[in-house]
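Report on the structure
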Amino acid sequence: MFVEGGCFCGSIRYKLELNDYPSANCHCSICRRTSGAAFVSWIRVPSDCFEYISGEPKKIDSSSHGARYFCQECGTHVACFLKEDPKNINITICSLDKPQDFKPKAEIYVDDMLSWTKK
Ligand SMILES: [Zn+2]
Ligand SMILES: [Zn+2]
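We now turn to the structure provided with this report. (Residues numbered from 1 in each chain as written. Chains lettered and ligands numbered in written order. Predicted model: local features only at pLDDT ≥ 70, side-chain atom pairs only at ≥ 80, totals over all residues.)

This brings us to the nonpolar core. Judged by nonpolar contacts, the single largest core of 18 residues is most densely connected at Trp42, Val78, Ala79 and Ile91. Elements with a minimum of two residues in this core: strand E4 (40-46), strand E8 (77-82) and strand E9 (88-92). The element best represented in this core is E4, accounting for four residues. Each residue touching Ala79, except ones within four places of it in the same chain, is listed here: Pro57, Tyr69, Ile89, Asn90 and Ile91. (Core = buried A, V, L, I, M, F, W, Y, C linked by C-beta atoms within 7 Å. Buried ≥ 20, exposed ≤ 12 C-beta atoms within 10 Å, placed from the backbone. Helix = DSSP H or I, 4+ residues; strand = E, 2+ residues; numbered from the N terminus. Contact = placed C-beta atoms within 7 Å.)

Take a look at the structure:
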């Protein structure tokens, strides 16, 4: 069974095979700055269980060990790839069509969490 997601404007669409994957709210400063949000919710999916259906995201090297992928048209933050975890791709839970079904299981980079962010 697959679930789908995509960007705000609809030019990027993707699907991933449904399974019990790790997930987390990330409070790191790179997630914050690249999204303009207090934190970003991620689900980690094996790369071979994920594929783009339409559109080609723009890649930005966000650090020496990672890259972020955005819609070229509307800017939605869709994915993050980390060199130390080459077999997986991290997908933004809130670009999924039904983010309500994917409650994040952990909080990471909590030392960088903004003090006004509700837990
Ligand atoms: Zn878009
Ligand atoms: Zn982060």
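This part covers the environment of Ala24. Within the secondary structure, Ala24 is located in strand E3 (residues 23-26). C-alpha separation for the pair Ala24 and Val40, spaced 16 residues apart in sequence, amounts to 8.3 Å. In contact with Ala24, other than residues within four places in its own chain, are Trp42, Pro104, Lys105, Ala106, Glu107 and Ile108.

In terms of strand pairing, strand E7 (residues 66-70) meets E8 through five bridges, oriented antiparallel. What sits directly across from Ala67, in E8, is Phe81. Counting the residues between successive antiparallel strands, the hairpin from E7 to E8 contains six residues, one of them, Gly75, with a positive phi of roughly 85°. In this structure, E8 lies alongside E9, joined through two bridges in antiparallel fashion. Within E9, the position partnered with Cys80 by the bridge is Asn90. Taking the residues that link successive antiparallel strands as the turn, the E8-E9 hairpin has five residues. (Pairing = 2+ DSSP bridges.)

Once that is clear, we can look at the pairing of E4. By the criterion of burial, E4 is predominantly enclosed, with five of the seven residues buried. As judged from the four bridges shared by E3 and E4, these two strands associate in the antiparallel manner. Within the sheet, the bridge partner assigned to Ala24 lies in E4 and is Trp42. Both E4 and E9 contribute to a ladder of five bridges, which runs antiparallel. Along E9, the bridge assignment pairs Arg44 with Asn90.

Turning next to the sheet that holds strand E1 (residues 2-6). If you walk across this open sheet you meet the three strands as E1-E2-E5, and the pairing is antiparallel. Taken across any chain shown, the strands that pair with only one partner, and hence form the sheet edges, are E1 and strand E5 (50-54). Averaged over all pairs of adjacent strands, the angle between strand axes in this sheet comes to 30°, irrespective of strand direction. In terms of strand pairing, E1 meets strand E2 (residues 13-17) through five bridges, oriented antiparallel. Bridged to Phe2 within E2 is Glu17. (Axes fitted to C-alpha atoms, helices over the stretch in contact; angles between N-to-C directions.)

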